[in-house]
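# Structural description and commentary
If you want the building blocks of each chain, they are given just below.
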Amino acid sequence: MARAIRSLPYDVAVIGGGSAGVAAAVAAARNGARTVLVDAGPMAGGELVSGLPLNAVLNARGEWVAGGICRELVEACRAMGGLVEPYFDWRSLWLVCVDPEIMKIAVARLLREAGVDLLLYSFAEDVVVEDGRVTGVFVLNKNGRSLIEADLFVDCSGDGDIAAMAGAPWEKGGEKGELQPVTLIFRMMGVETEPLLDFVRRHPENVGLGECLLEPRSKADCAEALYRQGVPSVFFDGKAPFVAKAIERGELHPCGILAVCPLSTQRREVSLNTTRIANLDATRTDALSDALPKLLDQVWTCADFLVKRVPGFEKAAFSGVAPRIGIRETRRIMGEYVLTGADVLAGRKRADGICKGAHELDVHGAGSAHRREMIAEGGSYDVPFGCLLPKRTANLLVAGRCLSATREAHGSARVMGTCMGMGEAAGTAAAICAADGTSLRQLSVPALRERLAAQGAILEGTH
Ligand SMILES: Cc1cc2nc3c(=O)[nH]c(=O)nc-3n(C[C@H](O)[C@H](O)[C@H](O)COP(=O)(O)OP(=O)(O)OC[C@H]3O[C@@H](n4cnc5c(N)ncnc54)[C@H](O)[C@@H]3O)c2cc1C
């Protein structure tokens, strides 16, 4: 028998506590809504705490495009000594790297200070829908099976679980069912930056460098600039000789990139983004479970390769794996507007934009396949409010990786700066509707934009 898990029904229930969900819950609570954030895992943060750099916080021109809650989290990490200052990767992107251990603390504090009720270890497994309205979400945890009731729901599950269960239309992967690979991020500490960057300077042909159309420079010049910058940020190219030959020799798994990004200056620790299994449907728990031992084998083989073959890693130690397998692509919920690849590449601005995307179009394939295309002039595009409004639902928003987008556009908008912007907009919109009884489709988008701008969101004034 299901029972209400807390005494009061909520104004806003956010399901999924990753970058989008954290921002959504904090925004809803700060805007006066009684808010609960539900997550299946033991900790909030999702991919924010897996050791990945934050993309689309700045555009390729170095302009900040993410403000609001995203910027607050970045500043909280800085205040705790857990930020590597934003830098240009001498490929095509500006990156913000944070210490994931410090981000865990920053996220927990932000939620607590905003007054969000956090319900962890709780899997949302079913919905109650009445006349197109979601009235409740069933969660399963050690308390038993409980019903979370709220006026508005925000689906930040990454996979769009709530929207799919509520009957919203969705698409998954490409026309032939192809899906971007899943990856287990891992970490190495005690890495020496100087020999690593000197190696890149001597062999720039092996590294993604000098791709930025705004600042066309030779790979050699970029490698020199990277060396002088002194940040251990190196994107070994899976098709270039150094990695390709290692794959041939069986020393590495087939991969498009072997990306090294800094995490902690004090621990001389970096994250490695390289392991992969393509075309795995991560909404299938059995498939995801089977993938873990294979990914861990790739991790261990790659850690060994780094120590034996990559200067700067000779004395480095393996220091851990991300809390979960990273999922790039599952469901895209179809909403009132579907963001397109053309919107992204043209850097299209819109009067109904609720946050900015600025990451290149970035679709990983199987093995070393990888499609990447820059946004016009290294600028940004607007994500319209309609991308958060799933069709065939009345009081539900989506934010984060499950936004309404084509597969191409999703390849850009899925990154964390943009996910946090969408989350902040969704949480704010939900709170406004809960407070004044407006429906999501009657909500004034100009008024929402005004509220977001007052909260520090960046909606205008960048390329
Ligand atoms: C390998 C990899 C590399 C990437 N590289 C970068 C990068 O360099 N920079 C960048 O900015 N982005 C990168 N991304 C993309 C980015 O990290 C994610 O797309 C983004 O973090 C998604 O945020 P989210 O909040 O939508 O989902 P997540 O962060 O995945 O959070 C979803 C949360 O929902 C919870 N959940 C799911 N289903 C349920 C349910 N039914 N009930 C309750 N809780 C549920 C999960 O436990 C999880 O905490 C990468 C992604 C991957 C996988």
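Here we summarise the structure given alongside this text.

What counts, and at which threshold
- Residues numbered from 1 in each chain as written.
- Predicted model: local features only at pLDDT ≥ 70, side-chain atom pairs only at ≥ 80, totals over all residues.
- Heavy atoms only, no water.
- Helix = DSSP H or I, 4+ residues; strand = E, 2+ residues; numbered from the N terminus.
- Buried < 20%, exposed > 50% of the residue type's maximum accessible area, 1.4 Å probe, protein only.
- Contact = heavy atoms within 4.5 Å.
- Pairing = 2+ DSSP bridges.
- Near = heavy atom within 4 Å.
- Polar contact = N/O pair within 3.5 Å; in protein donor to acceptor, adjacent residues only side chain to side chain.
- Nonpolar A, V, L, I, M, F, W, Y, C, P; charged D, E, K, R; others polar.
- Axes fitted to C-alpha atoms, helices over the stretch in contact; angles between N-to-C directions.
- Phe/Tyr/Trp six-rings, centres within 6.5 Å; stacked < 30°, edge-to-face > 60°.
- Lys NZ or Arg CZ within 6 Å of the ring centre and 35° of its normal.
- Parallel < 35°, antiparallel > 145°, perpendicular 65-115°, else oblique.
- Left-handed = near helix turned anticlockwise from the far one by under 90°.
- Patch = residues over 30% accessible without salt bridge, like charges linked within 9 Å, V, L, I, M, F, W, Y side chains within 5 Å.
- Areas by Shrake-Rupley, 256 points an atom, 1.4 Å probe, with all protein chains shown as cover.
- Salt bridge = Lys/Arg side-chain N within 4 Å of Asp/Glu carboxyl O.
- Core = buried A, V, L, I, M, F, W, Y, C linked by side-chain atoms within 4.5 Å.

The next point concerns the overall build of the chain. Each helix and strand in the chain was counted, giving 12 helices and 21 strands. Principal-axis analysis of the C-alpha atoms places the extent of the chain at approximately 65 × 45 × 45 Å. For the chain, buried positions account for 61% of its 463 residues. At a minimum sequence separation of 6, the contacts of the chain that also span at least 24 residues come to 73%.

The buried count for strand β17 (residues 353–357) comes to five of five residues, which makes it a mostly enclosed element. Pairing between β17 and strand β20 (residues 381–384): four bridges, direction antiparallel. Bridge pairing links G353 to P384 in β20.

The environment of the ligand is made up of 32 residues, and the closest members are D39, P53, N55, R414 and M416. Within the backbone of A20, an N or O atom sits 3.0 Å from an oxygen atom of the ligand. Here a nitrogen atom of the ligand sits 2.8 Å away from a polar atom, N or O, in the side chain of N55. When residues of the shell around the ligand are traced back to their parent elements, those giving at least two are α1 (19–30), β7 (123–130) and α11 (416–436). The residue makeup of the shell around the ligand, split by class, is 13 nonpolar, 12 polar and seven charged.

Quick look at the sheet that holds strand β15 (residues 317–321) now. By definition, the strands of a sheet pair up through backbone hydrogen bonds, in either a parallel or an antiparallel sense. One open sheet accounts for five strands, arranged β12-β13-β14-β11-β15; its pairing is antiparallel. Pairing within the sheet leaves two strands with one partner each, and these edge strands are β12 (234–237) and β15. Each strand of the sheet is rotated relative to its neighbour by a mean of 25°, with strand direction disregarded. The pairing of strand β11 (residues 186–189) with β15 spans four bridges and is antiparallel. The partner of R187 across the bridge, within β15, is G320.

Attention now goes to the packing of aromatic side chains. Following the criterion strictly, the structure yields eight aromatic pairs and no others. Counting every residue linked through ring pairs, the aromatic cluster contains F199, F236, F242 and F305. Of note, R350 hangs over the ring of Y337, and the distance from its end group to the ring centre comes to 4.3 Å.

Two quantities define a packed helix pair, namely the angle between the helix axes and the distance between the axes. Contact geometry of helix α2 (residues 68–79) with helix α3 (residues 100–114) gives a least axis separation of 9 Å together with a crossing angle of 125°. By the angle between their directions, the pair α2 and α3 is classed as oblique. In this structure, the crossing between α2 and α3 has a hand that is right-handed. Only I102, M103, A106, V107 and L110 of α3 make contact with α2, whose side of the interface consists of I69, E72, L73, A76 and C77. Its residues placed into classes, the contact of α2 with α3 shows nine nonpolar, no polar and one charged.

Attention now goes to the side chain of D161. Along the polypeptide, D161 turns up in helix α4 (residues 161–165). Residue class for D161 comes out buried when judged on its relative accessible area of 18%. Excluding residues that lie within four positions of it along the chain, D161 makes contacts with F123, D155 and R331.

Judged by side-chain polarity, L292, L296, W300, F318 and V321 come together as a nonpolar surface patch covering roughly 440 Å² of accessible area. Mapped onto the nonpolar patch, the elements with two or more residues apiece are α8 (285–309) and β15. No other element matches α8, which puts three residues into the nonpolar patch. Looking at the element boundaries, W300 is found in helix α8.

On to the nonpolar core, then. The nonpolar side chains of soluble globular proteins are, as a tendency, buried together. By size, the foremost hydrophobic cluster in this structure holds 78 residues, and its most contacted members are F385 and L397. In contact with F385, not counting residues within four places along its chain, are D352, I354, L397, A429, L440, L443, V445 and L448. One finds M188, V200, A246 and F305 within the second-largest nonpolar core, a separate group that totals 47 residues.

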